Amino acid sequence: MEYRMLGDSDLNVSVIGFGAWGIGGSPFWSNEGEAVSARAIMKAYDLGVNFFDTAPVYGFGHSEELLGKTLKPFRDKVVYATKCGLRWGKKSLGSITKNATRRSILEEIDQSLKRLDTDYIDLYQVHWPDIETSQEETMETLLEIQEQGKVKVIGVSNYSVEQMETIMKSGKIESLQPDYSLLNRSIEKGVVSYCERNKIGIIAYSPLASGLLTGKYDKNVKFSDWRGKGIIGCFSGSQFEKNMEKVARLKVMGKSIGKTCGQMAINWVVSQSHLTTALLGVKNEQQVEENIEALGWKLDPEQREEINCIFSVDE
C-alpha cells in the first residue's frame, strides 16, 4: 500500500480509502448485512487501508456506528474522516437538507464522536456547501471545535473554487472531496490547479462512477436505487449510453493485460499526481481484494494516451 500526506496536515493516508457510504445501507444502497460489511472493513485494514471516510447521513448514523464498533481496537492506527452539514427529519431521501450553521455543527460533531466511539475526528468535512449560511460562520465553528480537540483537520466536499476561496478567508482547509473519475474529470478545469497552489489534498469520491466503471453494466441497465431517480449523476439517456460505450472500450483494454475494468479505472485515478486518495465503496471482502489489485503496476504511456482519448476531459 502506498501512503500520501493530506494537504499540509500530518495525516498520512492510504492511496485507496474505504468509502463507507455503501455499508450505511438504506435508503441509498443495499448491502450484504452488518457482519459482511464488518469483514470488508477488516479486510481493508489488513491490506493496508488506514483511511476510512463516512458521514452521518450514510444510513442515518449506521455507517459511523459500524465503523466505530469494528475499528475500535485499532483506533490509533486509522484515520477517521466524517462530515457535517446534512441533516434529516424522517429517515428518507426527501427529508435531507443542507445546514452548516454553528448550532448544527456543534450538535453534529458530538453525535459523530458518540457514534464512532472516539474522542476526536481526524478529518472533519463540510459535506455540501450551505449557501444559506455564511462561510465565515461555518469555518469559525469548525475552528472552535478544532481548538477543543474534537477535530484535527478541516476539509470540505463538493465545493467550487469560489466557495473554497471564500471559506479560506476565515481559516485553512486541508482537503477537498470531489466527484472524480474517468467519467467525471471536471475538476481538472481549474479545481486541481487551485488545490495544488494552496496545498489542498484531493480525496476522490466515486472513482468508479457509482459502479459504472466496474464494467458490470451495459447501456440497457435500469437502476432501481437512487441512481435511477435522477438525483445526481448521469445514469440514463443518451449521455449514459455514450459513457457505457467508453466503459466497454476500457473493459477490452483491461482484458488484454489481465486486469478488470474497475482495476484499470482505479489505477488511472490513483496515478494522478494531484490526487491524495480515492475512496472505494465495497460490499464484501472479495471486492476489497479486487480493488487492492489495482495497485502495484503501471499503465504504459500508450495505454494512458488511449484512455485519455477515450475519456477526453474536453467533451
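Up top you'll find the structure we're talking about.
Residues numbered from 1 in each chain as written. Predicted model: local features only at pLDDT ≥ 70, side-chain atom pairs only at ≥ 80, totals over all residues. Heavy atoms only, no water.

### Looking at the packing of helix α2 (residues 62-71) against helix α3 (residues 102-116)
To keep things clear, this is the line we draw: With axes taken as lines fitted to C-alpha atoms, and helix axes fitted only over the stretch in contact, angles between N-to-C directions fall between 0 and 180 degrees. Every helix listed is a DSSP run of H or I at least four residues long, and every strand listed is a run of E at least two residues long, numbered separately from the N terminus. Note on terminology: angles under 35 degrees are roughly parallel, angles over 145 are roughly antiparallel, angles of 65 to 115 are roughly perpendicular, and the others are oblique. Note on contacts: a residue pair is in contact if any heavy atoms of the two residues lie within 4.5 Å.
Between α2 and α3, the shortest axis-to-axis distance is 7 Å and the interhelical angle comes to 45°. By the criterion of interaxial angle, the relationship of α2 to α3 is oblique. When α2 is examined against α3, the residues E64, E65, L67 and G68 are found in contact with a partner set consisting of S112, R115 and L116.

### Section: the pairing of strand β12 (residues 277-280)
Every regular strand shows the same layout, with side chains that alternate between the two sheet faces. Worth spelling out the cut-off: Each residue is assigned to one of three classes by its accessible area relative to the maximum for its type, calculated with a 1.4 Å probe on protein chains only: buried under 20%, partly exposed between the two thresholds, exposed over 50%. A pair of strands is considered paired only if DSSP assigns at least 2 bridges between the two.
What you see with β12 is no split at all: T277 and L279 on one side and A278 and L280 on the other are buried throughout. Note: strand β3 (residues 16-19) against β12, 3 bridges, orientation parallel. For G17, the partnering residue across the bridge sits in β12 and is L279. Where strand β11 (residues 201-204) lies against β12, 2 bridges are found, and the strand directions are parallel. Residue pairing for β12: A204 is matched across the bridge by A278.

### Let's talk about the sheet that holds strand β8 (residues 121-126)
Taken together, the 8 strands give a closed barrel; going around it, the order is β3-β4-β5-β8-β9-β10-β11-β12, and neighbouring strands pair in parallel fashion. Recorded for the sheet is a direction-independent mean angle of 30° between the axes of neighbouring strands. Relative to β8, strand β5 (residues 79-84) runs parallel, the two sharing 4 bridges. Of the residues in β8, the one forming a bridge with A81 is L123.

### Some points on the pairing of β11
Rules: Throughout, right-handed denotes a crossover for which the path from the first strand over the helix to the second runs clockwise when the strands point away from the viewer.
The alternating pattern of β11 places G201 and I203 and I202 and A204 on opposite faces, both of which are buried. Following the backbone out of strand β10 (residues 175-177), through helix α6 (residues 191-197) and into the adjacent parallel β11, one traces a crossover that is right-handed.

### What to know about the side chain of R75
Here is the rule: Whenever a nitrogen or oxygen atom comes within 3.5 Å of another N or O atom, the pair is scored as a polar contact, on the condition that within protein one atom can donate a hydrogen and the other can accept it, and that pairs from neighbouring residues in sequence are kept only if both atoms are in side chains.
Assignment of secondary structure puts R75 in the loop between α2 and β5. On the basis of relative accessibility, which here comes to 10%, the residue R75 falls in the buried class. In terms of polar contacts, R75 uses its side chain to reach the backbone carbonyl oxygen of V78, at 3.1 Å.

In short, geometric facts, not functional conclusions.
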